[in-house]
Amino acid sequence: MLLKGKAHRFGDDVNTDYIISGRHKFKTLDMDELACHVMEDLDPEFYGRCQEGDFIVAGKNFGCGSSREQAPLALKHAGVAGVLAGSFARIYFRNSINNGLPAIVCDTTEIEDGDELEIDLEAGMVRDVTKGIELASSPLPKVMLDILSEGGLVEYMSRHGSLKVS
Amino acid sequence: MSQSRRILAVHAGRESVSPGELIDVGVDLVLANDITAPLAIEEFNKLGVDVFDKSRVVLVLDHFTPNRDIASAEQCAFVRRFALEHRIEHFYDGGEVGIEHVLLPEEGLIRPGEVVIGADSHTCTYGALGAFATGMGSTDIAAAMATGKAWFRAPEAVLINVTGKPGPWVGGKDLILHLIGVLGVDGATYRSLEFTGDGIAELSVDGRLTAANMAIEAGAKNGLFPVDRPVVEYLEGVGVKVAECALEPDEYGYVGEMSVDMVSLPPQVALPHLPSNTVAVGEAPRVKLDQVVIGSCTNGRMEDMRVAAELLRGRRTAPQVRLIIIPGSPRVYRRSMEEGLFDIFLDAGAVISPPTCGPCLGGHMGVLASGERALSTTNRNFTGRMGHRESEVYLSNPAVAAASAVSGTITDPGELR
């Protein structure tokens, strides 16, 4: 699966309240409506600028805070194709994979806002096309790639009956 | 092996598991609330099956109840219909609602050595009673409601050696705020924090529940305490009979070790906007407070109410400080009333709220305006957490919160006139 899109740059410790504020996330289960407010406390223009297939690029500990799945769901519904970060908070990481939104651990320090990126999930390859560099990334375990390719955990279970990792 | 991995190995039908291994684990209890259950139920319904065990699914309508608005009322109604339809035995609604992590231990639903997963990040609270407990999202909870299973990445563990008797007005909250300050908000990501040492005996069970509750604020997967005499007695009091079980730390089980000497630890305050911005109370800026909140899944237990009452007895809150006290469960509420604490709170000028998560996440019952500052015994002080994004939240234990409500600024309880 080769993904191509533009980088939207954010910093460290982007918490789930920043991704989608509590002001909005408890009001509705309509993810398209929530998506309009995604990242707005950090960048009020983000939803307007984000094109289908773009990437969020962040520093360490992306998604820290609550367990609420509205965070990756709102990103996905805003058109985000994946999040690249130096590290992820663990509950967010699970939620992202379980909802079919790739979460890619790599050294993001060189990536700047607006850079064109290419990502091969199976190979664990991240290329910054604008800069002409390849970035070290750890490929996801097979089980997570399988979940992503089905579009999420429930979709995976609907098709395969159950999930076994060991 | 760490105690956390021991528990996971047993539930995976394995002799042992190594850090980093992905394992399939049978879970004993699956929890969701009025924010996370609706999403979990929507996903669960796509699977077209019944719940794996109606006595092992727990649903608590605690975040926006009594219903804040029409949207939250609809969400609660959706969960209520599901609970009735599937005959969920542990469904908490109306006057039976407590803040989930205060409520479940009191209901005797938490047992040492069991695996508890909840669609709430503070599910790690139950590690104080020797359970492996961790937060997950709604989709994982949906899958577990259907199968009774979840996958885990077996965690590395860090041993926290707690020594000494804490000084006055110092407790579990200060232990964990100090640790988060040292570790940072991602210092323990994916890891277990396992507590040991002679200082544990000096912490009440309520204080340990507070400390385990905030393990997630350092990124940890879970926090875990030994099952000693006070825990066994606490559990007996709620109808759960178990034997003592010490942690048996061996040299191979842990990737790191930290020590905290409670004797020299002053009350801690986390400054905006991260729980890791901790300082000793004496070093906190003397900002003017608009609101003080005492409650939450972190500090809404009986000990917290008593500590607050001890400082508020015969005193009034400072002018312009709104003090909101939230007993965390129907039991804590009733007992506070019976012990006369409500008279003390009301005489001090406090608002007494029914059990709810309410203001902690800017939900209701105490939302902040722009420019306002609150000192709160809750667990997060992210930007805009309690209301307007230009408001500020400081975190502390209930003693510092009560003393500060009286003085109007962040105050060491030992210095309250």
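Residues numbered from 1 in each chain as written. Chains lettered and ligands numbered in written order. Predicted model: local features only at pLDDT ≥ 70, side-chain atom pairs only at ≥ 80, totals over all residues. Heavy atoms only, no water.

Colleague: Is there a simple way to think about empty space enclosed by the protein in this case?
Modeller: A water-sized probe, rolled over the atoms, reveals where empty space remains. Throughout the structure, instances matching the rule amount to 4 cavities of 30 Å³ or more. Size it by volume and the largest cavity reaches roughly 130 Å³. Together, 18 residues line the largest cavity, and B:His63, B:Asp120, B:His122, B:Cys297 and B:Arg385 are the ones closest to its centre. There is about 70 Å³ of room inside the second largest cavity. Lining the second largest cavity, in full, are A:Asn61, A:Cys64, A:Gly65, A:Ala89, B:Val185, B:Ile216, B:Glu217, B:Gly219, B:Arg380 and B:Phe382. (1 Å grid on protein atoms, 1.4 Å probe; cavity = no way out; pocket = protein on both sides within 12 Å on 5 of 7 lines; lining within 4 Å. Points joined across faces, edges and corners; volume = space filled by probe spheres on them.)

Colleague: Got a minute to help me understand the packing of helix α8 (residues 153-160) of chain A against helix α5 (residues 138-147) of chain B in this structure?
Modeller: Between two packed helices, the angle of one axis relative to the other and the distance separating the axes together describe the packing. Between α8(A) and α5(B), the shortest axis-to-axis distance is 9 Å and the interhelical angle comes to 30°. Judged by the angle between their axes, α8(A) and α5(B) are roughly parallel. Across the interface between the two elements, A:Leu153, A:Val154 and A:Met157 of α8(A) pack against B:Thr139, B:Asp140, B:Ala143 and B:Thr147 of α5(B). Split into classes, the residues belonging to the contact of α8(A) with α5(B) amount to 4 nonpolar, 2 polar and 1 charged. (Axes fitted to C-alpha atoms, helices over the stretch in contact; angles between N-to-C directions. Helix = DSSP H or I, 4+ residues; strand = E, 2+ residues; numbered from the N terminus. Parallel < 35°, antiparallel > 145°, perpendicular 65-115°, else oblique. Contact = heavy atoms within 4.5 Å. Nonpolar A, V, L, I, M, F, W, Y, C, P; charged D, E, K, R; others polar.)

Colleague: Any chance you could explain the pairing of strand β5 (residues 115-118) of chain B here in plain terms?
Modeller: On a regular strand, each side chain points to the face opposite its neighbour's, so the side chains alternate between the two faces of the sheet. All names here are of chain B. Of the two faces of β5, the one lined by Val 115 and Ile 117 and the one lined by Val 116 and Gly 118 are each fully buried. Where β5 lies against strand β6 (residues 132-135), 4 bridges are found, and the strand directions are parallel. Its bridge partner being in β6, Val 116 is matched across the sheet by Ala 133. (Buried < 20%, exposed > 50% of the residue type's maximum accessible area, 1.4 Å probe, protein only. Pairing = 2+ DSSP bridges.)

Colleague: Explain the side chain of B:Asp24 to me, please; I cannot follow it from the model alone.
Modeller: As for its placement among the helices and strands, B:Asp24 is situated in strand β1 (residues 22-26). Residue B:Asp24 is classed as buried on the basis of its relative accessible area, which comes to 11%. Among the polar contacts made by the side chain of B:Asp24, one reaches the main-chain amide nitrogen of A:Val165 at a distance of 2.9 Å. Within polar-contact distance, the side chain of B:Asp24 engages the backbone nitrogen of A:Ser166 at 3.0 Å. In this view, B:Asp24 contacts A:Leu163, A:Lys164, A:Val165, A:Ser166, B:His11, B:Ala12, B:Ala150 and B:Trp151; residues no more than four positions away in its chain are not counted. (Polar contact = N/O pair within 3.5 Å; in protein donor to acceptor, adjacent residues only side chain to side chain.)

Colleague: When you look at the packing of helix α5 (residues 70-77) of chain A against helix α6 (residues 90-98) of chain A in this model, what are you seeing that I'm missing?
Modeller: All names here are of chain A. Two elements in contact, α5 and α6, have axes whose closest approach is 8 Å; the angle formed by their N-to-C orientations is 45°. Of the possible angle classes, the one that applies to α5 and α6 is oblique. The handedness of the crossing between α5 and α6 is right-handed. Residues Ala 71, Pro 72 and Leu 75 of α5 lie in contact with α6, whose contacting residues are Tyr 92, Asn 95 and Ser 96. Of the residues that constitute the contact of α5 with α6, the class distribution is 4 nonpolar, 2 polar and no charged. (Left-handed = near helix turned anticlockwise from the far one by under 90°.)

Colleague: Looking at this model, I keep getting lost on the sheet that holds β5(B). Mind explaining?
Modeller: Two pairing modes exist for strands in a sheet, parallel and antiparallel, and in both the strands are linked by backbone hydrogen bonds. Residues and elements named next belong to chain B. The 5 strands are arranged β4-β3-β2-β5-β6 in an open sheet whose pairing can be described as parallel. Both outer strands of the open sheet, β4 (90-92) and β6, are each paired with one neighbouring strand and no more. This sheet shows a mean twist of 15° between the axes of neighbouring strands, independent of strand direction. Where strand β2 (residues 29-33) and strand β3 (residues 57-60) come together, 4 bridges link them in parallel fashion. Within β3, the residue paired with Asn 33 across the bridge is Val 60.

Colleague: Help me understand the domain arrangement of chain B, please; the structure alone is not making it clear to me.
Modeller: Accessible area lost when the parts come together is the quantity often used to give the size of an interface. Residues and elements named next belong to chain B. Taken domain by domain, chain B holds domain 1 (6-153), domain 2 (155-265) and domain 3 (270-415). Here the C-alpha centroids of domain 2 and domain 3 sit 23 Å apart. Facing the 18 residues of domain 2 at the interface are 24 residues of domain 3. Here domain 2 and domain 3 share an interface that buries about 1600 Å² over both sides, 57% of which is from carbon and sulfur atoms. Taken together, the connections running from domain 2 to domain 3 amount to 1 salt bridge. With a shortest N-O distance of 3.0 Å, Glu 217 and Arg 380 are connected by a salt bridge. Of all the elements in the fold, those that place two or more residues in the side of domain 2 that touches domain 3 are α6 (172-183) and α7 (205-213). Classifying every residue of the side of domain 2 that touches domain 3 gives 8 nonpolar, 6 polar and 4 charged. (Domains from an automatic or database assignment. Buried area = accessible area lost by both parts, 1.4 Å probe. Salt bridge = Lys/Arg side-chain N within 4 Å of Asp/Glu carboxyl O.)

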